Amino acid sequence: MSNWTVAGVQMSCALGDRAANRAALVTNLRRAAERGAQLVVFPECVLSGYGFTSRAHALSAAEPLPGPSTEFVAKACAELGVWAVFGLLESAPGDKLYNAAALVGPRGFVAGYRKLHLPCLGADRFTDPGDRPLAVHDLGGLKIGMNICFDGSFPESARILTLLGADLVVLPTNWATNARKMAELVSAARAWENHIYYLAVNRVGDESGFRYIGLSSAADYTGNVLHFAPEGEEAIFTIDVDPAAAAQKRVVTCAGEYEIDRVNWRRPEMYGPLVANPGAFTGHFNK
């Protein structure tokens, strides 16, 4: 497996203006491709914005997957020979609304992911909980899994993607001022505990009373931080991902004396409480 160049695009977006956001996304996709990126990752809800005040307001900026935006981005991906992950609000049959991420490549729409864990904040007050199993997608030598924002607070999300074979987990996110600690810690923690690469891509700008801080980050399979993007500024950055190194979970410092495997030496028979949730999910907020 050869190495991959993966880009994060830390950018602002306009609330509810999908046309303008699509255009800005593709402009930045081209800029990242010019830097050699093969996979380009954008923030959460970058096509729609996030600070909606009602379900009807959020639905007005939603679209299906696949849909007009995935078709628009796919044309650019085909021209540039790149893959893209970007966030949007997804409308689905049955009047459903999801905070979603789309994976698009040179041949078109590949897969969608629906955010599993929903905070009481912004558009997530009105979206439906994700209803699809976590999945890993092989781009032809690089296996990636998708989470969104608050999903990164739950280590089980990245762990399952690791067990499904992910070399890289990407986390499109909208972290505002109060999420600074998450921005500082999540990439290194999730990467280190799963022996994978982890890329968190945040937005910037002011919207609906919130200031989005940037501080996008990436870490390698040893937990070393590869990049921290600047605070409050648009930025494009790239990292080098070695899928073979991420796949080799056993770390041998001294054979037979000092060896570590944080994935294959798990004790799942002892983890019963993880799936015996004492809480009861009774619905969501202000739909």
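Preceding this paragraph is the structure being described.
Residues numbered from 1 in each chain as written. Predicted model: local features only at pLDDT ≥ 70, side-chain atom pairs only at ≥ 80, totals over all residues. Heavy atoms only, no water.

**Focus: the overall build of the protein chain**
Then comes step 1: Within the protein chain one finds 6 helices and 16 strands.
Then comes step 2: Its C-alpha atoms give the protein chain a radius of gyration of 18 Å, within 12% of the compact-globule value 19 Å for 287 residues.
Then comes step 3: Along the longest, intermediate and shortest principal axes, the C-alpha atoms of the protein chain span 60 × 50 × 35 Å.
Then comes step 4: Split into buried and exposed, the 287 residues of the protein chain put 52% on the buried side.
Then comes step 5: A separation of at least 24 residues holds for 70% of the contacts in the protein chain among residues at least 6 apart in sequence.
Then comes step 6: Carbon and sulfur atoms provide 53% of the accessible area of the protein chain, an area that totals close to 12400 Å².
Then comes step 7: The averaged location of the 29 negative side-chain charges in the protein chain is 3 Å from the averaged location of its 26 positive side-chain charges. (Helix = DSSP H or I, 4+ residues; strand = E, 2+ residues; numbered from the N terminus. Rg over C-alpha atoms; globule rule 2.2 N^0.38 Å. Buried < 20%, exposed > 50% of the residue type's maximum accessible area, 1.4 Å probe, protein only. Contact = heavy atoms within 4.5 Å. Areas by Shrake-Rupley, 256 points an atom, 1.4 Å probe, with all protein chains shown as cover. Lys, Arg positive; Asp, Glu negative; His and termini not counted. Charge placed at Lys NZ, Arg CZ, Asp CG, Glu CD.)

**What about the pattern of salt bridges?**
Between side chains of opposite charge, pairing is possible as soon as their charged atoms come close.
Then comes step 1: Scanning all chains against the criterion turns up 15 salt bridges.
Then comes step 2: Of the charged contacts, one joins E63 and R18 as a salt bridge, the two residues approaching to 2.9 Å between their closest N and O atoms. Of this pair, E63 sits in the loop between α2 (55-59) and α3 (68-80) while R18 sits in helix α1 (residues 18-34), and the two are 45 residues apart along the sequence.
Then comes step 3: A single network of salt bridges, built from pairs that share partners, joins R18, R22 and E63. (Salt bridge = Lys/Arg side-chain N within 4 Å of Asp/Glu carboxyl O.)

**A closer look at the nonpolar core**
Then comes step 1: Counting residues in each nonpolar core, the largest one holds 45 residues, and the members touching the most others are V6, L39, V85, L168, W175 and L199.
Then comes step 2: Those residues in contact with L39, other than ones at most four positions away along the chain, are T5, V6, A7, W83, A84, V85, L139, L142, I144 and L168. (Core = buried A, V, L, I, M, F, W, Y, C linked by side-chain atoms within 4.5 Å.)

**What to know about empty space enclosed by the protein**
Then comes step 1: Using the criterion set out here, one finds 1 cavity of 30 Å³ or more in the structure.
Then comes step 2: Along its surface, the largest cavity is lined by W192, H195, K249, V251, I260, D261, R262 and V263.
Then comes step 3: Looking at the lining of the largest cavity residue by residue, the class counts come to 4 nonpolar, 1 polar and 3 charged. (1 Å grid on protein atoms, 1.4 Å probe; cavity = no way out; pocket = protein on both sides within 12 Å on 5 of 7 lines; lining within 4 Å. Points joined across faces, edges and corners; volume = space filled by probe spheres on them. Nonpolar A, V, L, I, M, F, W, Y, C, P; charged D, E, K, R; others polar.)

**Considerations on the layout of surface pockets**
Then comes step 1: Of the voids in this model, the second largest pocket is the one considered here, and its volume is about 330 Å³.
Then comes step 2: For the lining of the second largest pocket, the element with the most residues is strand β11 (residues 210-213), which contributes 3 residues.
Then comes step 3: In terms of residue class, the lining of the second largest pocket is made up of 11 nonpolar, 6 polar and 4 charged.

**Here we look at the side chain of S69**
Then comes step 1: On the secondary structure map, S69 appears in helix α3.
Then comes step 2: Looking at S69, the relative accessible area reads 0%, which means it is buried.
Then comes step 3: Discounting residues that sit within four places of it in the chain, S69 has contacts with R22, L47, E63 and F86.

**Looking at the state of the cysteines**
Then comes step 1: This structure, assessed with the given rule, holds 0 disulfides.
Then comes step 2: As a non-bridged cysteine, C45 has C13 as the owner of its nearest cysteine sulfur, 7.9 Å distant.
Then comes step 3: Overall, C45 belongs to the buried group, its relative accessible area being 0%.
Then comes step 4: Of the cysteine sulfurs around C77, a residue in no disulfide, the closest is that of C13, at 18 Å.
Then comes step 5: Of the residues examined, C77 reaches a relative accessible area of 0% and is grouped as buried. (Disulfide = S-S within 2.5 Å.)

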